[in-house]
Amino acid sequence: MESFFLICLSFSLFLTQHSSFTRGAYDMECNFGLNYGTQGDNLPTPDKGLNPLRQVVWRLRLFSPDHAILNYLNSSDSGIVVLSIGTFNEDIEKIAVDQNYANSWVQQNIVPFSEITFSHIVVGNEVIPGPIANFVVQAMINMEKAIKECTGHDIYVTTSVSMNVLGTSYPPSAGEFREDSMTVMRGVVHFLQTGGYPLFINVYPYFAYANNPADIRLDYALFNTTDIVVQDGDLQYNNLFYAMVDSLIWAVEKAQGPDVEIVVSETGWPSAGNGDITTVEHARIYVNNLIATQMKSGTPKRPQHAMKTHIFAMYNENLKPEGVERNFGIYRPDLSEVYHVDWPKWSGRCNLGNI
């Protein structure tokens, strides 16, 4: 253990001396990225798959440490600047109970890829509430320690949650964590607030609309109306996405996290799988309206905060369950577009000021 720590410490000092990583201002067009899912047996190799994204997508999210993708990003001018990387959900308990395992995870999945700017390590995806939820906070604590001991990078540690952590979400100001998530989420929020880390959230107006089309307007879910659909005190909402995000922000603030930043780790609209609700045109409208809306301002509760947002997903993935789950991709595996996205053209102006 002592020799392992010394190796980590030595590498940390080296990176600190050679790193030009700084924090400062950033442009709104630099906030958008993609989820790179790999649950398909017909997907292109990373060199081919990432090529269409050059100069249009600044950030990328991997659900797990795929070394084929990491090796490509580490050895090429892919155009991707910052990367969020997740742990397997099944590794959370091991990371939580064994600091040495957390250190080994960082040594294997972060340290060898020194040319990649890792922005976030995401400890688990949508495991709260659930049987391993109680391990999340300690796993984040151990991962934070491993990063400090083994790298010279300033990498944020977080977890990704779905809207299912909320017991109340309407109106947004009533947002509050559900009873079986409350204790864990308070611990998560305390960790993030103390460390200055963001909370990753998966936000899908599609599922809200599909589950309740009688009470939710389709144009409200698609960012396709200027009508004020929800009036919540002084706050006005003309899209469901912002209402959902703000309900989670209210819950986080009630859990003593007033300064916790919100990063949208997933959002999108399926192009097939559920009749007339899931069309290519609806998917195109949703994603492009999302980008256009967020280029203007943040949510009604945090209007000056331009959220970092990852669109789900890069590909249609044929090993996912049949139906909508296979149809969230912007690209088909042959790299043809399912629909066109008007990505903001950042043209290299993005910097590492605020990852």
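Residues numbered from 1 in each chain as written. Predicted model: local features only at pLDDT ≥ 70, side-chain atom pairs only at ≥ 80, totals over all residues. Heavy atoms only, no water.

> Would you mind going over the overall build of the protein chain in detail, with residue names and values included?
Across its full length, the protein chain carries 11 helices and 12 strands. Counting across all 355 residues of the protein chain, residues that qualify as buried make up 54%. The long-range fraction of contacts in the protein chain, counting pairs at least 24 apart against all pairs at least 6 apart in sequence, stands at 74%. (Helix = DSSP H or I, 4+ residues; strand = E, 2+ residues; numbered from the N terminus. Buried < 20%, exposed > 50% of the residue type's maximum accessible area, 1.4 Å probe, protein only. Contact = heavy atoms within 4.5 Å.)

> Account for the pairing of strand β5 (residues 156-162), naming residues and giving values.
For β5, the tally of buried residues reaches 7 of 7 residues, placing the bulk of the element in the interior. Along β5, one buried face is formed by Y156, T158, S160 and S162 and the opposite face, lined by V157, T159 and V161, is buried too. Pairing of strand β4 (residues 117-125) with β5, which is carried by 4 bridges, proceeds in the parallel orientation. Its bridge partner being in β5, I121 is matched across the sheet by V157. Remark: the β4/helix α6 (residues 136-150)/β5 crossover connection has right-handed handedness. (Pairing = 2+ DSSP bridges. Right-handed = clockwise from strand over helix to strand, strands pointing away.)

> Requested: an account of the sheet that holds strand β12 (residues 309-311), with residues and values cited.
Spatially, the 8 strands close up into a barrel ordered β1-β2-β3-β4-β5-β8-β11-β12, and their pairing is parallel. Neighbour to neighbour, the strand axes of the sheet diverge by 25° on average, direction disregarded. (Axes fitted to C-alpha atoms, helices over the stretch in contact; angles between N-to-C directions.)

> I'd like a rundown of the packing of helix α5 (residues 99-109) against α6, residues and numbers included.
Their axes nearest at 8 Å, the elements α5 and α6 cross at an angle of 55°. Looking at the two axes, α5 sits oblique to α6. The handedness of the crossing between α5 and α6 is right-handed. Where α5 abuts α6, its residues Q99, A102, N103, W105, V106 and Q107 lie against N142, M143, K145, A146, I147, E149 and C150. Looking at the contact of α5 with α6, its residues break down into 7 nonpolar, 4 polar and 2 charged. (Parallel < 35°, antiparallel > 145°, perpendicular 65-115°, else oblique. Left-handed = near helix turned anticlockwise from the far one by under 90°. Nonpolar A, V, L, I, M, F, W, Y, C, P; charged D, E, K, R; others polar.)

> Lay out unusual backbone geometry in plain terms, naming residues and giving numbers.
Backbone torsion omega between Y170 and P171 reads -10°, so that peptide bond is classified as cis. As for its placement among the helices and strands, P171 is situated in the loop between β6 (166-168) and β7 (176-177). Despite not being glycine, F223 has its phi angle at roughly 60°, a positive value. Mapping F223 onto the fold places it in the loop between α9 (218-221) and β9 (230-232).

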